[in-house]
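Working through the structure, step by step
Residues per chain are reported as follows:
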Amino acid sequence: MIVDEGIKIFKFYFSVSKDEQERRFKARETDPLKQYKLSPVDKESQKLWDEYSLAKFMMLSATHTDVAPWTIVKSDDKRRARINCIKHILNFVDYPNKIKAKDIEVDNDIIVYGRDEAIAMEKMFKFSLK
């Protein structure tokens, strides 16, 4: 109903690899400006990576729709992730003096359609279960 009223829905999932997350957590342990960001839950999350990945897959499979799709933003590189997220939004909204589409193309290694991510994850799960 919301979409029928002309409202655009953007759902973003900023996805960080296990290795990058571990690197960030280790950096936070020693950086006094970032230590507040690290909690015991964060350390546990590394141990539960497979369970969280399954939950991500199930969430994408259950809630990715044509009218409200998920967009996965590969976020190992924070700057590239943010820039591409902004470009993605700019491609889908109208505004005065809109930037030419060729000037705001997203990096397809960073921006991934939610359904494509779910399919890739399903293949990964099937492979890892063998």
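Further up the page is the structure itself.
**What to know about unusual backbone geometry**
Positive phi, close to 55°, is recorded for N97, a residue that is not glycine. Owing to a relative accessible area of 80%, N97 belongs among the exposed residues under this scheme.

**Some remarks on the pairing of strand 2 (residues 70-74)**
Where burial is concerned, most of strand 2 is hidden: four out of the five residues are buried. In this structure, strand 1 (residues 11-15) lies alongside strand 2, joined through five bridges in parallel fashion. Bridging across to strand 2, K11 finds its partner in W70.

**Some thoughts on the packing of aromatic side chains**
Each aromatic ring pair is characterised by the separation of its centres together with the angle its planes make. Taken as a whole, this structure holds three aromatic pairs when the rule is applied. An angle of 0° between the planes, with centres 6.1 Å apart, marks the rings of F10 and F12 as stacked. Residue F12 is classed as partly exposed on the basis of its relative accessible area of 22%.

Criteria and cut-off values
- Residues numbered from 1 in each chain as written.
- Predicted model: local features only at pLDDT ≥ 70, side-chain atom pairs only at ≥ 80, totals over all residues.
- Heavy atoms only, no water.
- Buried < 20%, exposed > 50% of the residue type's maximum accessible area, 1.4 Å probe, protein only.
- Helix = DSSP H or I, 4+ residues; strand = E, 2+ residues; numbered from the N terminus.
- Pairing = 2+ DSSP bridges.
- Phe/Tyr/Trp six-rings, centres within 6.5 Å; stacked < 30°, edge-to-face > 60°.

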